[in-house]
Structure formats: structure tokens, C-alpha cells
Amino acid sequence: MKKNLITSVLMTIATTILLGIIYPLVVTGLAQLFFKDKANGQLIVQDGKVIGSRIIGQAFVGSGYFHSRPSAAGNGYDAANSNGSQLGPTNQHLIDRVKTDVAANQADNPGQPVPVDLVTTSASGLDPDISPAAAAFQVPRVAKERGIDRGELQQLIAMHTQARQLGFLGEPRVNVLQLNLELDQRYPLRRQAKAR
Amino acid sequence: MDLYSALQYALFLVIVTALVQPLGEYLERVFSRKSTALDRLCLPLERLIYRVTKVDPDAEMTSSEYAICFVFFGLAGTLLLYFILRLQRFLPWYFPQYQSTPMSPDLAMNTAISFSTTTTWQAYAGENTMSYFSQMVGLCAQNFLAGAAGLAIGIAFIRGLARQLSETLGNFWVDLTRALLWVLLPGALIGALFLVWQGVPMNFHEYAVATSVEHDKQVIAQGPVAALEIIKNLGTNGGGFFNANGAHPYENPTPLTNLVEMLAIVLLPAALTHTFGRMVSRPQQGWLLYWVMIFLFTFGLLFVHYSEQRGNPLLGGVDSQRSGEQSGGNMEGKEVRFGVGGSALTAVVTSNAATGSYNAMHDSFTSLGGLVLLANLLLGEVVFGGLGTGLVSMVMAAAIAVFLAGLMVGRTPEYLGKKIGPCENKMVMLYALAAPMLVLPLTAVAVSSRAGLSGLQTNTGPHGFTEILFGYASCFANNGQSFAGLSANTTFYNLTTAMAIMVGRFGLAIPALAFAGLFARQRITPSSSGTLPTDSLSFGVVLTAFVLVVTALSYLPALALGPVLERLLFGA
């Protein structure tokens with residue numbers, strides 16, 4: 001009895017050193033050696049400033065940008081407070097919120113049903129992607145705002161559409177931040193103030 | 001069902017099935033101390049650990065000694081973790097500006113119990129509560145230790161069924177050490193690097209502060225994620241590094257990581273069916289249990305997929321039809337990269353396999369989708385289940401099925417050539433009745449007390465009831481996932497869920513080991529014409545039906561008050 005009590009303490013300490021200290025340090029070392037960018041969160045640096053991460057979503061409100069999905073992380077896309085809305089399927093708050101968002105989205109596409117991911121919150125609140133359908137839905141607004149041809153925008157979306165991984169895993173998707181960065185590069189907003 | 005989801009499900013099942021035999025054999029070799037390919041690396045480490053901890057690897061333990069070691073080891077881990085959590089403010093890598101949730105005594109106690117039992121129920125949000133030190137030395141280590149301890153229980157249990165005229169079940173410390181060195185550590189090392197390659201961070205940097213394209217400040221939590229991410233799945237623990245768990249792009253960046261993380265959860269528990277079959281020298285018995293698991297698993301998966309793809313009819317003006325351009329379906333609380341297919345697969349895997357991770361918010365699933373997940377918890381982790389413990393649950397269910405079927409056709413209840421006598425049966429009953437006798441009263445107390453109802457801040461009505469029932473069912477099953485709308489970081493919930501966790505872990509392991517000890521003492525009698533064959537298709541059907549019927553008998557009234565009522569009232 002007493003012997004097993006002592007063994008359990010010794011065993012806990014020994015294995016904690018191995019698995020709680022040595023193991024994470026070895027993984028960190030190898031990860032930093034072989035996959036430096038990925039291990040450090042794929043941050044995007046422009047002009048010496050971090051502007052985000054390639055795989056973490058950002059909020060976009062300017063009408064010249066493609067918008068991300070609604071977010072329940074903190075006050076929206078708070079990457080230090082990931083969360084979903086946790087609203088049940090029959091919760092009136094959910095039904096009302098979607099109704100409001102649908103109305104806002106339909107302003108530029110009167111009467112068209114809105115792709116569902118564009119008016120629902122993601123599980124993480126940090127979803128970097130929207131569906132190709134949700135991107136296509138926003139083309140008229142962005143084209144008008146930037147004064148460019150819809151066809152060009154559709155091409156840009158096609159370029160930024162990530163296919164299913166290995167040809168069949170997951171869903172096709174468009175990374176909103178990377179799409180918008182390219183948009184800014186190719187077709188700068190005429191009135192930067194409008195971006196806010 | 002769409003082609004791509006079907007392909008993904010099929011590939012998943014094919015990989016799992018193909019690896020049952022090789023992995024099952026490997027596990028059998030590891031725990032029988034036969035030679036394996038990893039011996040040259042692991043043997044020196046193993047000897048070192050025995051020397052440091054003064055373990056005699058050749059000493060055998062009775063079932064009660066084995067159980068005592070298991071309990072002591074769990075308590076030692078709990079205490080260590082409790083102190084790490086309470087003291088994290090004084091330990092390295094603590095950022096007071098970000099780790100803003102206070103680590104109260106009841107939260108630390110709940111978390112410590114939860115992580116030292118593979119439950120990993122989380123009443124906190126990782127990125128604003130835990131320092132990197134707590135995440136690694138505390139939680140990551142416990143993910144390994146608790147997972148390995150569960151595996152040891154499973155192995156000792158199998159030995160009890162396999163041995164005859166024996167008083168002992170093996171040595172807990174040896175099983176634990178070998179589970180760590182030969183199984184979990186190599187898997188975790190390879191898996192962690194794979195995850196980093198796909199985009200899971202592994203660093204000790206402070207949170208990155210970004211200025212977004214539209215000039216907003218965005219603080220991006222960082223950390224040693226990959227090391228924890230892989231073992232949380234391999235050990236069937238499931239507690240996420242971040243609050244959003246496997247939905248967070250840093251925990252689960254691509255559809256491929258999602259598939260690999262799901263395989264990491266299921267492979268070992270599935271392979272244990274074959275380890276079991278080999279060790280009792282009746283491989284057919286193992287395969288029978290495996291196919292019963294696969295049947296129940298697939299049934300639930302198809303049901304969840306159907307319900308989630310149908311979408312939420314209460315949302316007006318949205319297009320939720322699947323097309324080449326979008327996944328469609330019920331996308332509230334789901335990530336675009338996984339869509340309905342990847343989310344349904346993960347939800348069904350984790351709810352079955354006692355793993356608290358998720359990549360979609362189960363609280364926002366449709367009523368029927370959520371019902372399946374809840375039912376999976378209530379089945380009593382027989383489908384894959386926790387590492388080691390899941391197999392125990394399935395065999396215990398088979399023991400009851402043998403008993404009932406024996407009563408019906410008038411044959412002696414025998415399993416694997418041993419009699420299920422009065423003593424054995426008492427242990428089986430304790431095992432089977434603990435869940436309804438604890439989960440239902442706790443739910444009743446919570447829904448009829450102000451302390452319990454105050455947790456319903458997001459959803460109310462039947463859905464709120466489901467949140468509470470789901471929480472206790474999850475804790476008892478040592479699963480740890482939640483309908484996370486429940487505000488669970490209160491003294492009431494921290495205490496009551498911790499109680500459900502403790503009973504679900506130790507209150508089940510002890511009767512299971514006692515059962516194994518009783519079985520080990522018996523002689524194996526050759527089967528006669530009076531023996532009910534337990535490796536036939538008809539027994540498989542009886543076992544499946546039995547698992548479903550007993551769960552339904554225990555919980556139908558409660559389910560009727562939750563998801564069923566919600567579906568009837570609102571149609572979603």
C-alpha cells in the first residue's frame with residue numbers, strides 16, 4: 001500500500017518530466033527547424049508590421065472588401081477568445097440575427113437567397129474561409145465599389161479558390177484575407193477612407 | 001449523401017478496419033513483453049524509469065492491488081495538476097494581460113480531476129485561462145498519463161478474461177510505462193510533426209498583436225499547440241488548447257488534419273478489439289465486437305449527416321442547398337473547410353470515442369443531430385470508447401447480453417468458457433447501473449435548482465435541458481465535450497461535474513477489475529452443445545439490440561424532454 005503510494009508519486013514526477021517537459025521541447029525544436037513559418041502561426045508581415053495570420057479570419061466591414069462570416073469570437077474575430085455562438089437551432093436570437101444579416105446581404109442582390117455560410121457564425125469564430133458561393137454572392141457589391149468588371153473579380157475568386165484537399169477531402173473554399181489582400185494590390189480602393 | 005462525404009466516410013472506415021489487425025497484434029506484443037521493432041529505443045528508457053521509480057517489473061498484481069495503483073496514480077496526477085494550475089501565476093509563460101480568467105479553487109479542482117481521468121471537460125477557455133506552462137507540464141503530461149492508465153486498465157481486464165486459475169492481472173506500472181513508451185509517445189511525436197507541417201503552431205511566443213487590413217487590433221493567441229493537439233486525440237482525452245478546440249484553425253487547419261486527428265482517436269480503441277481476440281485466443285470474438293461497433297457507428301453517422309445536411313428550416317432567405325460551390329446544410333457553428341461531411345464525422349467519432357474534442361459546435365446542431373450525439377454518450381462508450389476503457393464497456397455489455405440471452409433460451413450464461421456467476425453478475429450490474437443512477441439524478445437536481453438553472457445563459461427550454469443532460473452524460477462517460485452554451489464555470493457545476501467524472505472513471509474501473517479478477521480465477525471449460533455461441537451473427541444482433549434497448553429504457557423519458565420535444569415543438 002505504502003510502497004504503491006510512493007511509486008505513484010515517483011512515477012508521476014518521472015513521466016511528467018519526460019512527457020510534459022522533454023517531449024514538448026523536442027517537438028518545438030524539430031518544428032522550428034523544419035517548419036518555421038507554420039510553427040510560428042503563419043503570420044503575414046507587411047512593411048515590418050504583422051497584419052494577421054494566413055489561417056486566422058479577420059473582420060471586414062468596408063463594402064469594397066469581401067466580407068468574412070459573422071463571428072462570435074469576442075466582439076468578432078477576436079483571436080484571443082475563440083468561440084461559436086452556441087445558439088441552439090431553435091433559439092429566437094439565432095433566427096433574428098440571421099434575418100437581419102440576410103436583409104443586409106440582400107441589399108446588393110435583391111431577392112436572392114444568401115449562401116448559408118455567409119449569415120451563420122463559424123464554430124471557432126475565426127473561420128478564415130467562405131464558400132465559393134458566398135464569394136460569388138458578394139461580387140456585385142465589390143465590383144461596384146471598386147469600379148471593376150465582375151468577370152475580373154470572378155477570375156480572381158477562381159484563382160483563390162482552394163480545391164478539396166487531395167481531391168476529395170473537405171470543401172472548396174476561399175480565404176477571405178488573402179483574397180482581399182490581392183484585391184487591394186491589384187485594384188486599390190479609389191477612396192481609402194471608404195475602407196473604414 | 002454527396003459523393004465527397006461518402007468517400008471520406010468510406011476511406012475512414014477502410015483505414016480503421018485495415019489497421020485493426022496489425023495494430024492489435026502490436027499492442028498484444030507490447031503488453032505481453034514480446035520483442036517489437038521499437039525495443040532498441042524504448043527498452044533503455046523503460047529500464048531507466050523502473051530504476052528511478054523503484055518498480056519491480058516482474059512482480060504481478062491481484063485485481064485489488066492493480067485497482068489501488070490505478071487510483072493512487074490518478075490521485076497523484078490530480079494533485080500535481082491542481083498545484084500547477086493554482087500556482088501558474090508564479091510559473092513561467094504566464095501572460096496576465098491575456099490569461100484573465102481567475103483560476104479559482106473549484107475551477108482548478110474540476111480541471112485537475114477532469115484531465116487526470118481523460119475526461120478533459122473544460123469549464124474554461126484555454127487561451128484566456130491557461131499559461132503555456134500549465135498547458136504543457138500540466139495538461140499535456142496528464143493527457144499522456146491518463147490515456148496510458150486507461151489503456152492499462154483495458155489490458156489488465158483482457159488478461160483477466162484470458163487467464164485461468166490465476167490470481168493476478170499483470171503489473172500496473174509496467175503496463176502504464178509500456179503504454180507510454182511503446183504506444184503513445186512514438187505516435188505523438190510523429191503525429192505532432194505531421195500537424196505542424198499542416199499548419200498547427202508549435203512555439204512559446206507571446207500572443208501576436210496584428211493590425212488588420214481595416215486597421216483594427218487583432219491579438220492572435222499562439223502557443224505549443226501541436227504537442228498537445230495530437231495526444232489529446234491519441235489518448236482519447238479531447239481537451240483543446242483553445243476554447244474552440246478542433247474547430248480553431250490553429251488546432252485543425254485543414255481537412256487532412258481533421259481526418260488524421262479522427263484516425264488518431266479511433267485506431268487504438270478499434271485495434272484493442274483484436275488485441276482482445278488474440279489474447280483470449282478467439283479472434284472471432286474480437287471481430288464480432290468490432291463489427292457491432294462499426295454498425296452502431298455508421299448508423300449514427302448517417303443519421304447525423306442526414307439531419308445536418310437538411311439544414312435549419314427556421315432560417316429564412318438563406319440558400320442551404322448543397323452544390324459544387326458550397327456545402328450548405330446547417331452551417332451555424334461549423335467551419336467552411338470541413339462542411340457538413342467533416343463536421344458530422346468528427347462529431348460522431350468524438351461522441352462515441354469518449355474524446356471531448358469537436359470541430360463544430362454541437363450546441364448548434366439540429367435537434368436530431370444533437371440527439372444522436374447525446375445518445376452516443378449514453379450508450380456508455382461501447383462504440384470504440386475511451387482508450388482501454390471502451391473495450392471494457394463493450395465486453396461488459398456483452399456479458400449482460402450473454403446473461404439475458406442465456407435466460408431466454410435456458411442455457412448457462414457462459415462467456416469465453418467461463419461462467420457468469422452471481423459475483424460476476426453483481427460487478428456487471430454495478431457497472432451498467434452506475435450511469436443512469438448518477439446522470440439522471442444530477443440532471444434532475446440541476447434543472448430544479450437555481451444554481452443549476454443559472455447556467456442556462458444562452459439557450460433555454462428543451463434545448464437548455466439538453467445542455468444540462470449532455471453535460472453530465474459527457475462527464476460520466478469521461479468524454480468531456482459539451483453543449484457549450486451551458487455556463488459551467490460555477491461552483492455548482494464544477495463540483496457536480498467533478499463528481500460525475502470521478503464515478504465515471506473509478507466507479508467503473510473498480511468493478512471492471514473485480515470482474516476480471518473473478519474471471520481470472522476460473523478454469524476455461526471447453527464449449528459444449530449447451531453453450532451459447534458468442535461469436536455468431538445472431539449474438540451480434542442480440543448484443544446490438546441489447547445495447548440500444550437498455551439505453552432507450554434508461555433514458556427515453558429524459559430524451560423526450562430534451563431533443564425530441566425541441567424537434568416536435570419547433571421542427572428544427
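None of the values given here were measured: they were computed from a predicted structure.

K.L.:
Pulling in residues and values, what's your account of the overall build of chain A?
P.N.:
Helix and strand content of chain A: seven helices and six strands. Along chain A, from the amino end to the carboxyl end, the secondary structure elements read α-α-β-β-α-β-β-α-α-α-β-β-α. Taken over C-alpha atoms, the radius of gyration comes to 22 Å for chain A, far larger than the 16 Å a tight globule of 196 residues would show. Projected onto the principal axes, the alpha-carbon positions of chain A cover approximately 75 × 45 × 35 Å.

K.L.:
For the interface of chain A and chain B, give the residues involved together with the corresponding values.
P.N.:
Every contact between the two is made by 94 residues of chain A and, on the other side, 108 residues of chain B. Taken together, the elements giving at least two residues each to the side of chain A that touches chain B come down to α1 (2-34), α2 (36-39), β2 (49-53), α3 (92-106), β3 (114-115), β4 (129-130), α4 (132-137) and α7 (176-186) of chain A. Per element, the largest residue contribution to the side of chain A that touches chain B is 20 residues, and it comes from α1(A). Residue classes in the side of chain A that touches chain B are distributed as 50 nonpolar, 34 polar and ten charged. Here β3(A) runs beside strand β5 (residues 318-319) of chain B; their pairing, made up of two bridges, is parallel.

K.L.:
Describe the packing of helix α1 (residues 3-31) of chain B against helix α8 (residues 255-279) of chain B, with residues and values.
P.N.:
Residues and elements named next belong to chain B. Close contact between α1 and α8 brings their axes to 6 Å; oriented N to C, the two are set at 50°. As far as their axial angle goes, α8 and α1 are oblique. Crossing of α1 over α8 shows right-handed handedness. Considered class by class, the residues forming the contact of α1 with α8 number 17 nonpolar, five polar and three charged.

K.L.:
Kindly report on the packing of α8(B) against helix α10 (residues 339-352) of chain B, identifying the contributing residues and their values.
P.N.:
Residue and element names in this part refer to chain B. Where α8 meets α10, the closest approach of the two axes is 10 Å, and the angle between their N-to-C directions is 20°. The pairing of α8 with α10 is recorded here as roughly parallel in orientation. Once α8 is placed against α10, the crossing between them reads as left-handed. From α8, P255, N258, M262, I265 and V266 reach across to α10, where they touch G342, L345, T346, V349 and T350. Classifying every residue of the contact of α8 with α10 gives six nonpolar, four polar and no charged.

K.L.:
Got a sec to walk through the domain arrangement of chain A? Specific residues and values, please.
P.N.:
Often the size quoted for an interface is simply the accessible area lost on bringing the parts together. The assigned domain composition of chain A is domain 1 (2-36) and domain 2 (41-195). For domain 1 of chain A versus domain 2 of chain A, the separation of C-alpha centres amounts to 41 Å.

K.L.:
How would you explain the environment of B:T525 if you had to name every residue and give the values?
P.N.:
All names here are of chain B. Residue placement: T525 occurs in the loop between α16 (491-521) and α17 (537-570). By C-beta crowding, T525 is classed as partly exposed, having 13 other C-beta atoms within 10 Å. When the C-alpha atoms of T525 and I155 are compared, they prove to be 22 Å apart, with 370 residues separating the residues in sequence.

K.L.:
Can you tell me about the environment of B:E467, naming the residues and giving the values?
P.N.:
All names here are of chain B. Summarising the element assignment, E467 is placed in helix α15 (residues 461-476). For the pair E467 and M331, spaced 136 residues apart in sequence, the C-alpha to C-alpha distance is 20 Å. If we skip the residues at most four places from it in the chain, E467 touches D363, L456, N459, F483, G485 and L486.

K.L.:
I'd like a description of α10(B), backed by residues and values.
P.N.:
Residues and elements named next belong to chain B. With 14 residues, α10 should cover 20 Å at 1.5 Å per step; its first-to-last C-alpha distance of 20 Å lies within 8% of that length. The buried count for α10 comes to 14 of 14 residues, which makes it a mostly enclosed element. A354 lies just past α10 and shows a positive phi near 55°.

K.L.:
Go over helix α5 (residues 132-162) of chain B with me, naming the residues and quoting the values.
P.N.:
Compared with the 45 Å implied by 1.5 Å per residue over 31 residues, the 43 Å span of α5(B) between its first and last C-alpha is a close match. For α5(B), a buried count of 30 out of 31 residues is recorded, marking the element as mostly surrounded by other parts of the structure.

K.L.:
Would you mind going over unusual backbone geometry in detail, with residue names and values included?
P.N.:
Of note in this structure, A:L166 is not a glycine but carries a positive phi near 55°. You can see A:L166 is positioned in the loop between β5 (161-162) and β6 (173-175). Although it is not a glycine, B:T118 adopts a positive phi angle of roughly 60°. Residue position: B:T118 is located in the loop between α4 (105-115) and α5.

K.L.:
So what about the pairing of strand β1 (residues 43-46) of chain A? Which residues, and what values?
P.N.:
Of the pairings in the sheet, the one linking β1(A) to β2(A) comprises four bridges and is antiparallel in character. Counted as the bridge partner of A:V45 is A:V50 from β2(A).

K.L.:
So what about the nonpolar core? Which residues, and what values?
P.N.:
In this structure, B:A226, B:A512 and B:L513 are the most contacted members of the largest nonpolar core, which totals 240 residues. Examining the composition of this core, we find that 20 residues originate from one element, α5(B), more than from any other. Here this core spans two domains, and each of domain 1 (2-36) and domain 2 (41-195) of chain A adds at least three residues to it. Not counting residues up to four positions away in its chain, the partners in contact with B:L513 are B:S63, B:Y66, B:A67, B:I153, B:A156, B:F157 and B:L169.

Rules of the game
Residues numbered from 1 in each chain as written. Chains lettered and ligands numbered in written order. Predicted model: local features only at pLDDT ≥ 70, side-chain atom pairs only at ≥ 80, totals over all residues. Helix = DSSP H or I, 4+ residues; strand = E, 2+ residues; numbered from the N terminus. Rg over C-alpha atoms; globule rule 2.2 N^0.38 Å. Contact = placed C-beta atoms within 7 Å. Nonpolar A, V, L, I, M, F, W, Y, C, P; charged D, E, K, R; others polar. Pairing = 2+ DSSP bridges. Axes fitted to C-alpha atoms, helices over the stretch in contact; angles between N-to-C directions. Parallel < 35°, antiparallel > 145°, perpendicular 65-115°, else oblique. Left-handed = near helix turned anticlockwise from the far one by under 90°. Domains from an automatic or database assignment. Buried ≥ 20, exposed ≤ 12 C-beta atoms within 10 Å, placed from the backbone. Expected span 1.5 Å × (residues − 1). Core = buried A, V, L, I, M, F, W, Y, C linked by C-beta atoms within 7 Å.

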